[in-house]
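Each chain, written out:
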Amino acid sequence: MPPKPSVSKLVPKVPGVPGVTGTSRRQQYSASTKRALVDVAEELFTDLGYAAASLDSIVAGARVTKGALYHHFSGKQALFEAVFERVEADASRAIQKALRGRKDPWEKALAGLQAFLAVVQEPRYRRIVIQEGPSVLGYERFREQEERSTFANVLEIVRSVLSAGTWELEEDMLQTFARIFFGAMSSAGESVSSADDPIAAAERVETAIAFILQGFQALADDGVPLPGASGEPA
């Protein structure tokens, strides 16, 4: 991940472009201002935490007025939510990149797991998503945002793993498997993020989940049916 620019370099600048109208320039400046506010807020929320990062320090870092901030965001919580969404979206893209092009379901699952464990060790993800997210957004909103960005990746992995066997599962059952694994991954992410030694904690999580995946692989290779009529082989 490229280094973040310092706060002092996050001043919105919109150079003149031939053929661009005044309205377009205003739109460009508005987008640039919003981006600068989110950039500075992300840096300060990560370094200081939500409570200690004041709106005054954020607008000062972005070199805009409070009026400009309130033009884009209703307040500090709305700005935090924009930062949260961007951090989660970046995490989702990192996991998607790790999954892309992998055909073997077991390799795909392990690649996704390793990408996720790398993400949860990033300082901005640890602070903004795991440490601050639930309390600032409220648990329901936090889970809604988290599912919107990362649940699709978990569902893709689960679908790939379960399709390796002879099991023909209804979509509701696939969703159930995915939600169970999503909950487990969220809990694992929290344990890694809050650990005194995140690297060692990530290694333990990877070992445990790899063991579970090996169990699924053995069931798939042996053609063992899942319990219940919907899990019987065709």
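Just so you know, these numbers come straight off a predicted model, no measurement behind them.

Side note on the overall build of the protein
Helix and strand content of the protein: nine helices and zero strands. When the helices and strands of the protein are placed in sequence order, the string is α-α-α-α-α-α-α-α-α. Buried residues in the protein amount to 44% of all 234 residues. Approximately 12500 Å² of the protein is accessible, and the part contributed by carbon and sulfur atoms is 55%.

Structural notes on the packing of aromatic side chains
This structure, assessed with the given rule, holds eight aromatic pairs. On the numbers, 5.5 Å between centres and 35° between planes, the contact of Phe45 with Tyr50 is tilted. A single burial state applies to Phe45 and to Tyr50, both of which are buried. For the pair Tyr50 and Phe80, a centre-to-centre distance of 5.4 Å together with 85° between the ring planes defines the contact as edge-to-face. Here the residue Tyr50 occupies a position in the loop between α1 (22–48) and α2 (55–62), and Phe80 occupies one in helix α4 (residues 76–99), the gap between them amounting to 30 residues. By the burial criterion, Tyr50 is buried, and Phe80 matches it. Through pairs of rings, three or more aromatic residues link up here, namely Phe45, Tyr50, Phe80, Phe84 and Phe142. Across the ring face of Tyr50, the terminal group of Lys76 is positioned such that the distance to the ring centre comes to 4.5 Å. Here the guanidinium or amino end of Arg179 rests over the ring plane of Phe151, the centre of that ring lying 4.5 Å away.

Observations concerning the packing of helix α6 (residues 123–137) against helix α8 (residues 171–194)
Closest axis-to-axis distance for the α6/α8 pair is 10 Å, and the angle between their directions is 125°. Regarding the angle of α6 to α8, the classification is oblique. As for the relative orientation of α6 and α8, their crossing is left-handed in sense. On α8, the residues touching Arg126, Ile130 and Gln131 of α6 are Gly189, Glu190 and Ser193. Along the lines of polarity and charge, the residues of the contact of α6 with α8 split into one nonpolar, three polar and two charged.

With respect to the nonpolar core
The nonpolar side chains of a soluble globular protein tend to be buried with one another. Ranked by size, the top nonpolar core spans 66 residues in total, and within it Leu37, Phe45, Ile58, Leu79, Phe80, Tyr125 and Leu162 carry the most contacts. Counting residues per element, the ones that place at least two in this core are α1, α2, α4, α5 (105–119), α6, α7 (139–162), α8 and α9 (198–222). Element by element, the count of residues in this core is highest for α4, at ten residues.

A short note on the pattern of salt bridges
Tallied over the full model, the rule gives 15 salt bridges. Measuring nitrogen to oxygen at the nearest pair gives 2.8 Å for the salt bridge that ties Arg86 to Asp39. One end of the pair, Arg86, is in helix α4; the other, Asp39, is in helix α1, with 47 residues separating them in the sequence. Since its relative accessible area comes to 26%, Arg86 is described here as partly exposed. Overlapping salt bridges, with partners in common, bring together Asp39, Glu42, Arg86, Asp90, Arg93, Glu122 and Arg124 in one network.

Quick notes on the UniProt feature "DNA-binding region" (unreviewed entry) in the protein
In the numbering used here, UniProt assigns the feature "DNA-binding region" (unreviewed entry) to residues 54–73. As annotated, residues 54–73 has a helix share of 75% and a strand share of 0%, and its two end C-alpha atoms lie 14 Å apart.

Focus: the packing of α6 against α7
Taken N-terminus to C-terminus, the directions of α6 and α7 make an angle of 135°; their axes are 6 Å apart at the nearest point. Put simply, α6 runs oblique to α7. In this structure, α6 uses Tyr125, Val129, Gly133, Pro134 and Leu137 to contact α7, whose residues at the interface are Tyr139, Arg141, Phe142, Gln145 and Glu146. Considering only residue class, the contact of α6 with α7 consists of six nonpolar, two polar and two charged.

Quick word on the environment of Phe45
Within the secondary structure layout, Phe45 lies in helix α1. Judged by relative accessible area, which is 1%, Phe45 ranks as buried. Phe45 has contacts with Tyr50, Ala53, Ile58, Lys76, Leu79, Phe80, Val83, Arg127 and Ile128, leaving out every residue within four places of it along the chain.

Conventions we followed
Residues numbered from 1 in each chain as written. Predicted model: local features only at pLDDT ≥ 70, side-chain atom pairs only at ≥ 80, totals over all residues. Heavy atoms only, no water. Helix = DSSP H or I, 4+ residues; strand = E, 2+ residues; numbered from the N terminus. Buried < 20%, exposed > 50% of the residue type's maximum accessible area, 1.4 Å probe, protein only. Areas by Shrake-Rupley, 256 points an atom, 1.4 Å probe, with all protein chains shown as cover. Phe/Tyr/Trp six-rings, centres within 6.5 Å; stacked < 30°, edge-to-face > 60°. Lys NZ or Arg CZ within 6 Å of the ring centre and 35° of its normal. Axes fitted to C-alpha atoms, helices over the stretch in contact; angles between N-to-C directions. Parallel < 35°, antiparallel > 145°, perpendicular 65-115°, else oblique. Left-handed = near helix turned anticlockwise from the far one by under 90°. Contact = heavy atoms within 4.5 Å. Nonpolar A, V, L, I, M, F, W, Y, C, P; charged D, E, K, R; others polar. Core = buried A, V, L, I, M, F, W, Y, C linked by side-chain atoms within 4.5 Å. Salt bridge = Lys/Arg side-chain N within 4 Å of Asp/Glu carboxyl O. UniProt positions renumbered as here; feature names shortened; annotations may be inferred.

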